[in-house]
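Below are the chains, spelled out letter by letter.
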Amino acid sequence: APPPPSPSSEAKTAPKPMHTYPFDHPDGKNNIMFGGEETKRGGRALRCATLDKLIERVTHPHFPTNILNIFLLMYHSFTTPRELLARLVSRYFMPTPMNMVPDELREFQTTQRIVRLRVKNLVKSWIHNHYTDFQDDPVLKQGMRDFLSLIGYDKLGILETGPRELLESKQEIKKSVLPVNTTEETYNFAATGNREQDIETARQLSLMAFDEYSKIRMRDVLDKIFESKENVHIRNLVNFFNNMSKLVQYTIVSEERLKQRVALIGKFAFIAWECRTQNNFLMSYAISAGLGSNPIYRLKKTKELLGQRTMEKMAMLNQLYAKGAGSDQYRNALKHAVDNPCVPYIGTTLKDLTFMHDGNKDTVCGMVNFYKRVLMSDSIQQLDQFQRKRYLFAPVNFIQDQLRRDFTLMETEKGSEQYLYDKSLEREPRE
């Protein structure tokens, strides 16, 4: 007969405890890591974790709720909406362990109730603050609908209709400031000496810019940063900026009369500043960039005749958008615009996110680098926040239509750098 196994060999072959519920694994260096510094709420900051551990933490009875907002803003960078929903369903239905004594059972049931409440709060925040995830994915929406129905949660209405923007519904649309006799036939984008028209042009630019800006999804930005994916909405917004800048140059260098070119520069400086007062930084910067471009910058005879107010506006705009709109002045202006409609210059946001992305690894020891997501969350949250407040200007369709036609023209040879510079040389040849 073979000899009995030794105690050491028994220990080697003893079966390990099985974890069928993905969220009952104990914390360890292979699934979660914390930083050395303490958070404001006490305890150490979460540095990295597996996806299951992240979901466990954001639905944990004693975990800070502010992490939930960061998680929802950034989750597209490490999982998919459908995968997140599947794991939330699993987290909600916590199985009751066997062979528990009454005190242990009561403690478990208390934890279970809190976890389920945290899952519900996460779902509520997800639907209310990131509704486009469901709007763009019918399968995800049906899955969430089934889950809410199964647990008897009363958020089906929000899922079906989307969150209501109460502030917008209580505010009145501001009427056009155009003179009543202005029509499609009499409106001229290049006309000077009409401040009411210039103000209305700035308003229509704000409406158009916000419309393009609001089409960008947070996941579009994350995909561009994390996976270098090109996105049509981001590209359209960049083209919108470039076409406005080209249109400013084209309008000025197309004018043969010196005094009229001076008036046009004054007009565009006024519109740029008007856009600035409306927190439409995208169009304000685009116009300012057009005024500072080579074809316009070299027009010395034209610029010598500029009025003091125009020069002051241009100087303030140049200071605001110094360093490619990366200056402290621009960043402070964005902070003050947070409670109002605003279209930021997306180039600054993308540059900031790229800098943080390149300087921090996506994963650490095979786990999601959550610290990196925390660093990036402020920029993403700002981008998301500015999409929630629309401008309340009345649209003037014939102005917007003319601007779109002009932007289309800027995508032809007449919007090229060579064409614009050659036109500038025609107006003021080299001396």
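Rules of the game
- Residues numbered from 1 in each chain as written.
- Predicted model: local features only at pLDDT ≥ 70, side-chain atom pairs only at ≥ 80, totals over all residues.
- Heavy atoms only, no water.
- Helix = DSSP H or I, 4+ residues; strand = E, 2+ residues; numbered from the N terminus.
- Buried < 20%, exposed > 50% of the residue type's maximum accessible area, 1.4 Å probe, protein only.
- Contact = heavy atoms within 4.5 Å.
- Polar contact = N/O pair within 3.5 Å; in protein donor to acceptor, adjacent residues only side chain to side chain.
- Core = buried A, V, L, I, M, F, W, Y, C linked by side-chain atoms within 4.5 Å.
- Salt bridge = Lys/Arg side-chain N within 4 Å of Asp/Glu carboxyl O.
- Disulfide = S-S within 2.5 Å.
- Phe/Tyr/Trp six-rings, centres within 6.5 Å; stacked < 30°, edge-to-face > 60°.
- Lys NZ or Arg CZ within 6 Å of the ring centre and 35° of its normal.
- pLDDT = per-residue confidence, 0-100.
- Expected span 1.5 Å × (residues − 1).
- Axes fitted to C-alpha atoms, helices over the stretch in contact; angles between N-to-C directions.
- Parallel < 35°, antiparallel > 145°, perpendicular 65-115°, else oblique.
- Left-handed = near helix turned anticlockwise from the far one by under 90°.
- Nonpolar A, V, L, I, M, F, W, Y, C, P; charged D, E, K, R; others polar.

Asks: Break down the overall build of the protein for me, with residues and values.
Replies: Within the protein, the secondary structure is distributed over 23 helices and 4 strands. Seen through its principal axes, the protein has C-alpha atoms that stretch 110 × 45 × 40 Å. The buried share of the protein, reckoned over its 431 residues, is 46%. Considering only contacts within the protein whose residues lie at least 6 apart along the sequence, 74% involve residues at least 24 apart.

Asks: I'd like to hear about the side chain of Thr 302, residue by residue, with values.
Replies: Mapping Thr 302 onto the fold places it in helix α16 (residues 300-303). According to the relative accessible area criterion, Thr 302 is buried, its value standing at 0%. Polar contacts involving the side chain of Thr 302 include one to the side chain of Arg 261, which spans 3.3 Å. Look past the residues within four positions of Thr 302 in its chain and what remains in contact with it is Leu 258, Arg 261, Val 262, Ile 265 and Glu 428.

Asks: I'd like a rundown of the nonpolar core, residues and numbers included.
Replies: Most often, soluble globular proteins keep nonpolar side chains buried together rather than apart. Counting 116 residues, the largest nonpolar core has Phe 71, Trp 126, Met 144 and Met 244 as its most contacted members. Sort the elements by how many residues they give to this core and helix α12 (residues 232-253) lands first, with 10 residues. When sequence neighbours within four positions are dropped, the list of residues in contact with Met 244 reads Phe 189, Leu 205, Met 283, Ala 286, Ile 287 and Phe 407.

Asks: Hey, could you go over the pattern of salt bridges for me, with residue numbers and the actual values?
Replies: Under the definition given, this model contains 24 salt bridges. Across the salt bridge formed by Glu 83 and Arg 87, the nearest N and O atoms sit 2.4 Å from each other. Placement of both Glu 83 and Arg 87 in helix α4 (residues 81-92) is noted, with a separation of 4 residues, approximately one turn of the helix. Take Arg 87: its relative accessible area is 23%, and that puts it in the partly exposed class.

Asks: Help me get a handle on the environment of Glu 56, residues and values and all.
Replies: Structurally, Glu 56 is set in helix α2 (residues 51-58). Between the C-alpha atom of Glu 56 and that of Gln 135, which follows or precedes it by 79 residues, the distance is 26 Å. Ignoring sequence-local partners within four residues, the contact set of Glu 56 consists of Phe 23, His 25, Asp 27 and Arg 91. Of note is the side chain of Glu 56, whose polar atom sits 3.1 Å from the side chain of Lys 53.

Asks: For the state of the cysteines, give the residues involved together with the corresponding values.
Replies: In this structure the tally under the stated criterion is 0 disulfides. Cys 48 takes part in no disulfide bond, and the closest cysteine sulfur to it belongs to Cys 365, at a distance of 6.4 Å. We classify Cys 48 as buried; its relative accessible area is 2%. The exposure class assigned to Cys 365 is exposed, which follows from its relative accessible area of 65%.

Asks: Residue-level account of the packing of aromatic side chains, with values.
Replies: Going through the model one piece at a time under the given rule, you end up with 19 aromatic pairs. Measuring from ring centre to ring centre gives 5.7 Å for Phe 189 and Phe 268, while their planes differ by 45°; the resulting arrangement is tilted. Of the two residues, Phe 189 sits in the loop between α9 (166-170) and α10 (195-213) while Phe 268 sits in helix α13 (residues 258-277), which places them 79 residues apart along the sequence. An angle of 50° between the planes, with centres 6.2 Å apart, marks the rings of Tyr 321 and Tyr 330 as tilted. Accessibility assignment for this pair places Tyr 321 and Tyr 330 in one class, buried. Clustering of aromatic rings is evident, with ring pairs tying together Phe 241, Phe 281, Tyr 285, Tyr 321, Tyr 330 and Tyr 345. Sitting above the plane of the Tyr 92 ring, Arg 116 keeps its charged end 4.8 Å from the centroid. Sitting over the face of the ring of Phe 270, Arg 195 holds its NZ or CZ atom 4.1 Å from the ring centroid.

Asks: Got a sec to walk through the confidence of the model for the protein? Specific residues and values, please.
Replies: The pLDDT averaged across the protein works out to 89; a share of 90% of its residues lies at or above 70. Note that pLDDT drops below 50 for residues 39-43; the model gives that stretch 7 contacts with residues more than four away or on any other chain. Predicted confidence for residues 165-170 stays below pLDDT 50, and this span has 5 contacts to residues more than four positions away or in other chains.

Asks: How would you summarise helix α22 (residues 397-409) if you had to cite specific residues and measurements?
Replies: The end-to-end C-alpha distance of α22 is 18 Å, a good match for the 18 Å that 13 residues give at a rise of 1.5 Å each. For α22, the complete set of buried residues consists of Phe 398, Ile 399, Gln 400, Gln 402, Leu 403, Asp 406 and Phe 407.

Asks: Provide a residue-level description of the side chain of Thr 201, including the pertinent values.
Replies: Position of Thr 201 among the secondary structure elements: in helix α10. Leave out the neighbours within four places in its chain, and Thr 201 touches Tyr 187, Phe 189 and Ile 271.

Asks: Summarise the packing of α4 against helix α7 (residues 138-151); cite the residues concerned and give the values.
Replies: The N-to-C vectors of α4 and α7 enclose an angle of 15°; their axes lie 10 Å apart at closest approach. When the axes of α4 and α7 are compared, the pair comes out roughly parallel. Like other packed secondary-structure pairs, α4 and α7 cross with a definite hand, here left-handed. Touching Pro 81, Arg 82, Leu 85, Val 89 and Tyr 92 of α4 are Val 139, Leu 140, Gly 143, Met 144, Phe 147 and Ile 151, all from α7. Its residues placed into classes, the contact of α4 with α7 shows 9 nonpolar, 1 polar and 1 charged.

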